[in-house]
Amino acid sequence: MNCMFCSSRIRLQGSVAGLTGLLCLLLWSSASAVEPDKGATITYEGGVRPVLKTHCFRCHGEAGTVEGGLDLRLRRLIMKGGESGPIIDIENPSDSVLLERVTTGEMPPEEVKHRPTPDEIDILRQWVMNEAPGVTEPDGLDPSEYITTAEKSFWSYQPLLQPEIPITNHPALVRAPIDAFLLHSLEGRGLSFGEEAGRHTLIRRLSFDLWGLPPTPQQVERFVGDSSPLAYERLVDQLLSSPRYGERWGRHWLDVAGYADSEGYTDEDTQRPDAWRYRDYVIQAFNGGKPINQFFVEQLAGDELVSRPYGDLSPQELDALIATGFLRMAPDGTATAANKSVAINDSIAKSLEIISSSMLGMTVACAECHDHRYDPISQKDYYRFRAIFEPAYHWKSWQTPNKRRQSLYTDDDRTQAAEIEEQAKEIEVGRTEKQQEFIQATFEKQLAKLPEEMREVVRLAHDTPDKERTAEQKELLKKNPSVNVTASSLYLYDRKAADELKALADKANEVRKTKPPERFVRVLAESVADNVPVSHLFIRGDHEQPGEQVSAAGFRILGGTLFPDDLELPSTGRRLQFARWLTSDRHPLSARVFVNRVWLHHFGRGLVNTPGDFGQLGEPASHPELLDYLASEFRSSGWNLKRLHRVLVLSTAYRQSSRPSEDGLRADPENHLLWRMPVRRVEAEVLRDSILQISGELLLDAFGPSVPVMADRDGKFVVGIENLNAGRPGAVIPLKGQDFRRSVYVQVRRSRRLTVLDTFDAPRMTPSCIQRSYSASATQSLMLMNGEFPIARAEQLATRVMTEASNELPPQIDFAWQLCYSRQPDPDELSSAINYVQQTEKSYRERHAKSDDRTRRQFAMASLCHALLSSNEFLYIE
């Protein structure tokens, strides 16, 4: 065999020689090392099996492969040994072949790059020397279906129960139950909450968190001046009730859904003309307070909630249908890829990856080809899960993107369109009659110009159908081309007649333009129930090697619920059953995963800081009881997201200052216990939108087709209509009234990320974005310093400041500070800014002696505004 990691040829002779392959896999990666618990007995299930499963099952038990006759998936099979006998000697454990090969360094072979770690060797040694302990396994146990007690007891797979709210030493600091959980953990480390942030900080924090925009000076003034004890709560409610809220929080979901306006997969990156309807659905769902369980069900099975055929749809039915665009967001190269079958199955796999990471918090992608190396998800589990969606993702009856667009025409629309078409056809019939009259009249005129003795012969040849003409007739017409009058040549003889005819054609076209516009939506819908595919496990993930047949079911670690076909529906109903199970009280993950994402976006770090992986490789929950409390409350409140926001932002924890303390830095330098509010950098879209709002240019037009992105002559991607000249980018064509819309409405092309967003870590949808990264790079500083966008916006901001504030410099600087930082400058800042502007004016005057005062002020103020927009205080939220 060839080792999967070192590519060396390994000869397997019995179980002992087979250890070459076994140990090569076992010791491949130090990243997979399991650190032994020095005070606990290492068992096969709790310590050894996870290591063997990660690196060895592939060759020793999985998918029917048992090299050297050695199966490692159960302890009793290991003790049995392989073709060459046992590899563990219970009576003389130190003589065990397993330990000999590992401890002497004989295994893995020298050519294997990664060597065994001391911890891995120690795990094996302790286990073998302690007589290889493990639970008693039933003789009839199927190794491929085995889930250990340790795996079953993993925290995220446990039923969701509401824990008791802990008692703290400082109850006055507890505004909400979440404060009690956090404070209890802090007090255990000798810490407490930090001081409350000032009102200027709080309104800026809330505005960015709930709107993705800075507050206006007027909003800040009202809040800071409101002495009511309910001022903060009123502010929260005002922000949650604004359309800006849905645009902000819709963007968060669009990340995990992998939203894109193009197909990706190939270099062509074909556009998706109707994807924006799903984006609008998401934004409206958040603004309208749609319960998140309903939000999930509609996205997974909205088509199964709507009667067929899709005719006169109610707003609710239309929502449900559009929501299934979620299942069409993965890259899809099936219309352009060279190998269509590969592209189809890759698109299905990416879709399942999006579903599992966004709603389940599980990583399942590797189980497409083999059993999951860390989590209790077998390859059979994966294909059972795929079978839920396979009637819609029918890979052998696949529809390419353009063929799956669903018309939104109503019955009235069709009736009206048919009536208008009849009107247009009547006009065209009249036009055709006139055209024939003109052609015949023109023919007679041309015929009269010929010698009289030729006229009848030419007339006969002309009137004879082309296929029936003799060779002599064809030659006659060829020699007299003037009589060959046709619809396309009529204008050469009678321009006036042609213009009459053109007017009639234009009239017919104008009539057709009055038809109701036909809208389309990108949906997922199953074929009729009698076309249900049979689902198979693919050996090694290869669709050309179908294995055993599988039924639609959930993952066994979560109960393995079966989803049989619903004979009462025109579809199989599998997805609808799955969606309802996912959002039921029986499911342990969905509410936990969603609540954790909301926490992440408010506090900068999730309670589980791997939001798409609640499994073995994910980070454990920093406050598991708090997570369960929030998830339980969220579920019992009807999956009400706005209520969850209020619970979080009204807490003492959220209102803390971000100022560090010596005690906190010493006891919890990473701030995992939340003894202060984390400082967070704004996302790419928030940065662009905030700059536009501050400069007074942001357009708040909502919904509709995405604002296009094009390449400019410098190779940057900017907002604009595609303008190519001989294949090369031409001048940027401005979009009147569209250039400065919010970034959520700007086209998301996988191959054309808007440069200003890409520089600040806009997500790459491959296939989705589970968690954003926040880098700090020289490229970002250079873009802010030299980029056309920030420079132009700084100039516009300077114009705004000079127009809306008084003519005096101090009020202008004060206004600029309020716009950018939501506060007034302190005396030192004001003094420094005045000095900077005055010195810059002086320098400008020395270079441009003929300039006037306003020009000099405009230049200096733009320079100051540019500095404000590039500052850390602008880029970061305290």
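Residues numbered from 1 in each chain as written. Predicted model: local features only at pLDDT ≥ 70, side-chain atom pairs only at ≥ 80, totals over all residues. Heavy atoms only, no water.

A count of helices and strands for the protein gives 35 helices and 10 strands. Here the C-alpha coordinates of the protein stretch approximately 125 × 85 × 55 Å along the principal axes. Relative to its full complement of 878 residues, the protein shows a buried share of 54%. Of the contacts formed within the protein by residues at least 6 apart in sequence, a portion of 70% connects residues at least 24 apart. A total accessible area of about 39,800 Å² is found for the protein, and carbon and sulfur atoms account for 50% of it. (Helix = DSSP H or I, 4+ residues; strand = E, 2+ residues; numbered from the N terminus. Buried < 20%, exposed > 50% of the residue type's maximum accessible area, 1.4 Å probe, protein only. Contact = heavy atoms within 4.5 Å. Areas by Shrake-Rupley, 256 points an atom, 1.4 Å probe, with all protein chains shown as cover.)

Over its 18 residues, helix α22 (residues 495–512) runs 26 Å from end to end, which matches the ideal 26 Å to within 8%, given 1.5 Å per residue. Within the sequence span of α22, burial applies to Ala497, Ala498, Leu501, Ala508 and Val511. All buried residues of α22 fall inside an arc of 145° around its axis, so they share one side. Seen from the open side of α22, the exposed residues pointing more than 90 degrees away from its buried face are Arg495 and Lys496. Elements in contact with the buried residues of α22: α18 (411–448) and α21 (490–493). (Expected span 1.5 Å × (residues − 1). Arc of directions from axis to C-beta.)

To continue, consider the pattern of salt bridges. As enumerated under the stated definition, the model contains 63 salt bridges in all. We note a salt bridge from arginine 386 to glutamate 390, for which the minimum N-O separation is 3.1 Å. A relative accessible area of 5% places glutamate 390 in the buried class. (Salt bridge = Lys/Arg side-chain N within 4 Å of Asp/Glu carboxyl O.)

This part is about the side chain of aspartate 303. Within the element layout of this structure, aspartate 303 appears in the loop between α14 (292–301) and α15 (315–323). For aspartate 303, a relative accessible area of 1% puts it in the buried group. For aspartate 303, the side chain forms a polar contact with the side chain of arginine 575, separated by 2.8 Å. (Polar contact = N/O pair within 3.5 Å; in protein donor to acceptor, adjacent residues only side chain to side chain.)

For the rest of this paragraph, the subject is the packing of aromatic side chains. In total, this model carries 35 aromatic pairs according to the counting rule given. Ring centres of phenylalanine 181 and tyrosine 629 lie 5.4 Å apart, and the angle between their planes is 40°; this geometry places the pair in the tilted category. With phenylalanine 181 in helix α8 (residues 177–188) and tyrosine 629 in helix α25 (residues 624–636), the pair connects residues that are 448 residues apart, well separated along the chain. Just as phenylalanine 181 is buried, tyrosine 629 falls in that class too. The interplanar angle of 25° and the centroid separation of 4.2 Å between the aromatic rings of tryptophan 599 and phenylalanine 603 together place this pair among those described as stacked. Pair noted here: tryptophan 599 and phenylalanine 603 are both in helix α24 (residues 590–603), with a separation of 4 residues, about one helical turn. On the basis of relative accessibility, which here comes to 3%, the residue tryptophan 599 falls in the buried class. Residue phenylalanine 603 is classed as buried on the basis of its relative accessible area of 1%. Put simply, the rings of Trp253, Tyr278, Tyr281, Phe286, Phe295, Phe296, Phe326, Phe594, Phe634 and Trp639 touch in pairs and so form one group of aromatic residues. Against the face of tyrosine 654 rests arginine 205, its NZ or CZ located 5.7 Å from the ring centre. (Phe/Tyr/Trp six-rings, centres within 6.5 Å; stacked < 30°, edge-to-face > 60°. Lys NZ or Arg CZ within 6 Å of the ring centre and 35° of its normal.)

Once that is clear, we can look at the nonpolar core. When a protein is soluble and globular, its nonpolar side chains tend to lie buried together. Membership of the largest hydrophobic core comes to 181 residues, with the highest contact counts inside it found for Trp253, Tyr278, Leu300, Phe326, Phe389, Trp599 and Leu630. Ignoring anything within four residues of it in the chain, the contact list for tyrosine 278 reads Trp253, Leu254, Ala257, Tyr259, Gln299, Ile322, Ala323, Gly325, Phe326 and Met329. With 20 residues, the next largest nonpolar core counts Tyr44, Leu70, Leu99 and Val128 among its residues. (Core = buried A, V, L, I, M, F, W, Y, C linked by side-chain atoms within 4.5 Å.)

All right, on to helix α10 (residues 217–224) then. Regarding α10, the residues found buried are Pro217, Gln219, Val220 and Phe223. Projected down its long axis, α10 carries its buried residues within an arc of 160°, all on one side. For α10, exposure combined with an orientation more than 90 degrees from the buried face picks out Glu221 and Arg222. Tucked into the core, α10 has its buried residues touching α9 (199–211), α11 (231–240) and α32 (809–821).

What follows concerns the packing of helix α28 (residues 684–695) against helix α31 (residues 788–804). Where α28 meets α31, the axes come as close as 8 Å, and the angle between the chain directions of the two elements is 30°. It follows that α28 is roughly parallel to α31 by the angle criterion. Side by side, α28 and α31 meet where Arg688, Ile691, Leu692, Gln693, Ile694 and Ser695 of the first sit next to Phe789, Arg793, Gln796, Leu797 and Arg800 of the second. Partitioning the contact of α28 with α31 into residue classes produces 5 nonpolar, 3 polar and 3 charged. (Axes fitted to C-alpha atoms, helices over the stretch in contact; angles between N-to-C directions. Parallel < 35°, antiparallel > 145°, perpendicular 65-115°, else oblique. Nonpolar A, V, L, I, M, F, W, Y, C, P; charged D, E, K, R; others polar.)

Turning our eyes to something else, we now look at the domain arrangement of the protein. Frequently, the measure chosen for interface size is the accessible area that the parts lose on association. Taken domain by domain, the protein consists of domain 1 (35–136), domain 2 (411–518) and domain 3 (788–877). For domain 1 versus domain 2, the distance between C-alpha centres works out to 88 Å. (Domains from an automatic or database assignment.)

This brings us to the state of the cysteines. For the coordinates displayed, the defined rule picks out 0 disulfides. Free of any disulfide, cysteine 820 has its nearest neighbouring cysteine sulfur in cysteine 865, separated by 6.3 Å. According to the relative accessible area criterion, cysteine 820 is buried, its value standing at 0%. (Disulfide = S-S within 2.5 Å.)

The subject of this paragraph is the side chain of arginine 680. Note that arginine 680 resides in strand β5 (residues 680–681). A polar atom in the side chain of arginine 680 sits 2.9 Å from the side chain of aspartate 209. Only 3.3 Å separates the side chain of arginine 680 from the backbone oxygen of histidine 601, close enough to count as a polar contact. Sequence-distant contacts of arginine 680, defined by excluding residues within four places in its chain, comprise Arg205, Asp209, His601, His602, Phe603, Gly604, Leu875, Tyr876 and Ile877.

Our focus in this paragraph is a nonpolar patch on the surface. A surface patch of nonpolar side chains, amounting to about 300 Å² of accessible area, comprises Tyr491, Leu492 and Tyr493. Mapping leucine 492 onto the fold places it in helix α21. (Patch = residues over 30% accessible without salt bridge, like charges linked within 9 Å, V, L, I, M, F, W, Y side chains within 5 Å.)

Each neighbour pair has its own omega, and for arginine 308 with proline 309 the value is -5°, a cis peptide bond. By the element assignment, proline 309 lies in the loop between α14 and α15. Geometrically, the link from threonine 766 to proline 767 is a cis peptide bond, its omega value of 0° lying close to zero. Inspection of the secondary structure puts proline 767 in the loop between α29 (755–758) and α30 (778–786). In the Ramachandran plot, arginine 540 falls in the positive-phi region, its phi being about 55° despite a non-glycine side chain. Tracing the chain through its elements places arginine 540 in the loop between β3 (536–538) and β4 (546–549).

Right, let's talk about the packing of α32 against helix α33 (residues 827–847) for a bit. The geometry of α32 relative to α33 is characterised by a closest axis approach of 10 Å and an angle of 115° between their N-to-C directions. Here α32 is positioned roughly perpendicular relative to α33, judged by the angle of their axes. The two elements α32 and α33 meet at a crossing, and its hand is right-handed. Here Leu809, Pro810, Ile813 and Trp817 of α32 lie close against α33, whose contacting residues are Glu829, Leu830, Ala833, Ile834, Val837 and Gln838. Class assignment of the residues belonging to the contact of α32 with α33 gives a composition of 8 nonpolar, 1 polar and 1 charged. (Left-handed = near helix turned anticlockwise from the far one by under 90°.)

As a further point, take the environment of proline 660. Here proline 660 is to be found in the loop between α26 (641–649) and α27 (662–667). A relative accessible area of 47% places proline 660 in the partly exposed class. The spacing of proline 660 and asparagine 671 is 11 residues in sequence and 9.5 Å in space, taken between C-alpha atoms. Residues within four places of proline 660 in sequence aside, it is in contact with Leu665, Trp675 and Arg676.

Now for the environment of threonine 336. Turning to its location among the elements, threonine 336 is positioned in the loop between α15 and α16 (340–360). Note: C-alpha distance between threonine 336 and serine 192 (144 residues apart in sequence) is 59 Å. Each residue touching threonine 336, except ones within four places of it in the same chain, is listed here: Thr266, Glu268 and Thr270. Side chain to side chain, threonine 336 and threonine 266 meet in a polar contact 3.0 Å long.

When you line up the elements, glutamate 91 lands in the loop between α4 (75–80) and α5 (97–103). Spatially, the C-alpha atom of glutamate 91 lies 108 Å from that of leucine 492, the residues being 401 residues apart in sequence.

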